[in-house]
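Observations on chain architecture
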Amino acid sequence: NTNGLDDTVTNHVTSARDIALMSRELIRHEKILEYSSIWMDTVRGGEFGLTNTNRLVRFYKGATGLKTGSTSKAKFCISATAKHVGMHLIAVIMGAETRDIRNAEATKLLDWGFANYSLYKYEPRSLGKVKLLGSTEKTLECKTEGLALLVPKGTADKIAVEIELPESVKAPLSAGESIGNIRFKLNDEVIGEANIVSNTDAKPITFGELWFIMLQKFILW
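First, a word on scope: everything that follows refers to the structure included in this document. The model shown is predicted, which means the values in this text are computed figures rather than measured ones.

**Remarks on the side chain of S198**
In this structure, S198 sits in strand β13 (residues 189-198). Of the residues examined, S198 reaches a relative accessible area of 1% and is grouped as buried. A polar atom in the side chain of S198 sits 2.4 Å from the backbone oxygen of T200. Discounting chain neighbours no more than four positions away, the residues touching S198 are L140, E141, S174, A175, G176, E177 and I179.

Take a look at the structure:
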């Protein structure tokens, strides 16, 4: 339900994956992390103190948040986020018997993630030009979108990059429109995909422009 309280409701269920997906969307917003990473603060001119219920913010290096929760049915739960060497991980613990167990399990899960995985980054880059049909321009500049993948440590240099791009494309096209695909494979398994897109707009040739080109050819002939 909308508040998470489950004392008087039935069929009130969710999964660790659900929580992780919601958490992933939340941490895209820097303002949320700005608040969720604060350990202690005061309000009302310093008269009232606040302490974060997420102790990992104080005791786990790189912790950024995110949310604790507990009810008699759900027991102690946490969505713990931490950032290290550019990699932001989310660990979700549900149904822990105590706060300490919850925090310890989240710590172990984050430690395991940072110890066993790394971030593979493919930065956006130009792919040069492809032949353009149906336009006064003969070619079209294209580029790849960027991609970030979580991969087992030691496998980044084994990732194969496969580019699928036609020899020619046809106008009209808008900047950012997909014209091809790039696949990332590890051990022959596709682990990620990104688009190849038009770098500029490509307007179709008009009747007047076509007539002018034909006239030029006739005169030169």
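The structure having been displayed, the exposition proceeds.
**Regarding the sheet that holds strand β10 (residues 160-164)**
Strand pairing in a sheet takes place through backbone hydrogen bonds and is either antiparallel or parallel in direction. As summarised here, the arrangement of the 6 strands in space is β10-β12-β13-β8-β7-β11, forming an open sheet in which the pairing is mixed. Of all strands in the sheet, those with a lone pairing partner are β10 and β11 (168-170), marking the two edges. Neighbour to neighbour, the strand axes of the sheet diverge by 35° on average, direction disregarded. Of the pairings in the sheet, the one linking strand β8 (residues 139-144) to β13 comprises 3 bridges and is antiparallel in character. The residue bridging T144 from the neighbouring strand is I196, located in β13.

Conventions adopted
- Residues numbered from 1 in each chain as written.
- Predicted model: local features only at pLDDT ≥ 70, side-chain atom pairs only at ≥ 80, totals over all residues.
- Heavy atoms only, no water.
- Helix = DSSP H or I, 4+ residues; strand = E, 2+ residues; numbered from the N terminus.
- Buried < 20%, exposed > 50% of the residue type's maximum accessible area, 1.4 Å probe, protein only.
- Polar contact = N/O pair within 3.5 Å; in protein donor to acceptor, adjacent residues only side chain to side chain.
- Contact = heavy atoms within 4.5 Å.
- Pairing = 2+ DSSP bridges.
- Axes fitted to C-alpha atoms, helices over the stretch in contact; angles between N-to-C directions.

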